[in-house]
Amino acid sequence: APADTPLSRLLDSVEQRLDVSEQVALSKWDSRQPVQAPERERQVINQAQSQATRFGIDAQRAGLFFSDQIEANKLLQYHALSRWHAAGSAPQTQRIDLAKQLRPQLDRLQEVLLEELAEFDRHRPEPCTSALAQAIEKRKKSSERSLALIRATAHLCPAI
Ligand SMILES: O=C(O)C(=O)C[C@]1(C(=O)O)C=C[C@@H](O)C=C1
C-alpha cells in the first residue's frame with residue numbers, strides 16, 4: 001500500500017470525488033440535462049472560496065483547486081455518457097438523486113478536500129511535480145481515471 005502521506009490522503013479524497021461522477025452522469029442521462037451546470041459550478045467555487053480561510057488556504061487557490069475538480073469530474077461524465085450512447089443504454093443500476101443526495105455528498109467532500117489541501121500545502125513534497133506524477137502513476141488506474149486525476153491536480157504544485 002502506498003505510504004500514508006498528505007499527498008496520498010489528498011489523492012484518495014480527489015478520487016472519492018471522482019467516484020461520484022458516474023452517478024452524476026446517470027442522473028444527467030435520465031434527465032437529459034447537459035453535463036455542464038454553470039450555476040452549480042459557481043456555487044461550488046464560491047463555497048470553496050468562502051470556506052478556504054477557515055482552513056488556512058488562500059481563497060484563490062481553493063477556487064482554482066475546485067475548478068480543477070469540476071473539470072476532472074466533467075471529463076469522466078463525458079466519458080461515461082459516450083460509452084452509454086455507443087452502447088445505446090446506460091446501466092440499470094439504482095439511481096441517486098442529484099439535488100437531494102449527490103450534490104450534498106459533494107458538499108461534504110469539499111470540507112475534507114480543503115482540510116487535506118491545507119495539509120498538503122504545509123508538507124509539500126519536493127520536487128512537487130515529479131512526486132505528484134509518480135503518485136498518480138503508482139495508482140495504476142484505468143487510462144480515463146489517470147487522465148482525470150492529472151486534470152484534477154493540474155494546479156496542485158507550483159508552476160515550473
Ligand atoms: O452538480 C453537477 O451537476 C455536476 O455535474 C457536478 C459538478 C462538480 O464537479 O461539482 C460538475 C459539473 C457541473 O458543471 C457542475 C458541478
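Look up: the structure comes first, before these words.
Residues numbered from 1 in each chain as written. Predicted model: local features only at pLDDT ≥ 70, side-chain atom pairs only at ≥ 80, totals over all residues. Heavy atoms only, no water.

J.: What should I look at first to understand the overall build of the protein in this one?
T.: Of regular secondary structure, the protein possesses seven helices and zero strands. Sequence-ordered secondary structure for the protein, helices as α and strands as β, is α-α-α-α-α-α-α. Over its C-alpha trace the protein gives a radius of gyration of 16 Å, about what one expects of a compact globule, namely 15 Å for 160 residues. In the protein, which comprises 160 residues, the proportion classed as buried is 44%. Across the protein, every contact between residues at least 6 apart in sequence was considered, and the portion connecting residues at least 24 apart equals 87%. Computing the positive centroid from 22 side-chain charges and the negative centroid from 21, the protein places the two 4 Å apart. (Helix = DSSP H or I, 4+ residues; strand = E, 2+ residues; numbered from the N terminus. Rg over C-alpha atoms; globule rule 2.2 N^0.38 Å. Buried < 20%, exposed > 50% of the residue type's maximum accessible area, 1.4 Å probe, protein only. Contact = heavy atoms within 4.5 Å. Lys, Arg positive; Asp, Glu negative; His and termini not counted. Charge placed at Lys NZ, Arg CZ, Asp CG, Glu CD.)

J.: What is the right way to look at empty space enclosed by the protein in this model?
T.: Over the atoms rolls a probe the size of a water molecule, and in doing so it shows where empty space is left. Taken as a whole, this structure holds one cavity of 30 Å³ or more when the rule is applied. Its boundaries defined by the atoms lining it, the largest cavity holds a volume of some 210 Å³. Taken together, 16 residues make up the lining of the largest cavity; nearest its centre are K28, R40, I70, Q77 and L106. Contributions of two or more residues to the lining of the largest cavity are made by α2 (21-31), α3 (38-52), α4 (59-87) and α5 (98-122). Looking at which element gives the most residues to the lining of the largest cavity, the answer is α4, with four residues. Each residue belonging to the lining of the largest cavity can be placed in one class, and the counts come to seven nonpolar, three polar and six charged. (1 Å grid on protein atoms, 1.4 Å probe; cavity = no way out; pocket = protein on both sides within 12 Å on 5 of 7 lines; lining within 4 Å. Points joined across faces, edges and corners; volume = space filled by probe spheres on them. Nonpolar A, V, L, I, M, F, W, Y, C, P; charged D, E, K, R; others polar.)

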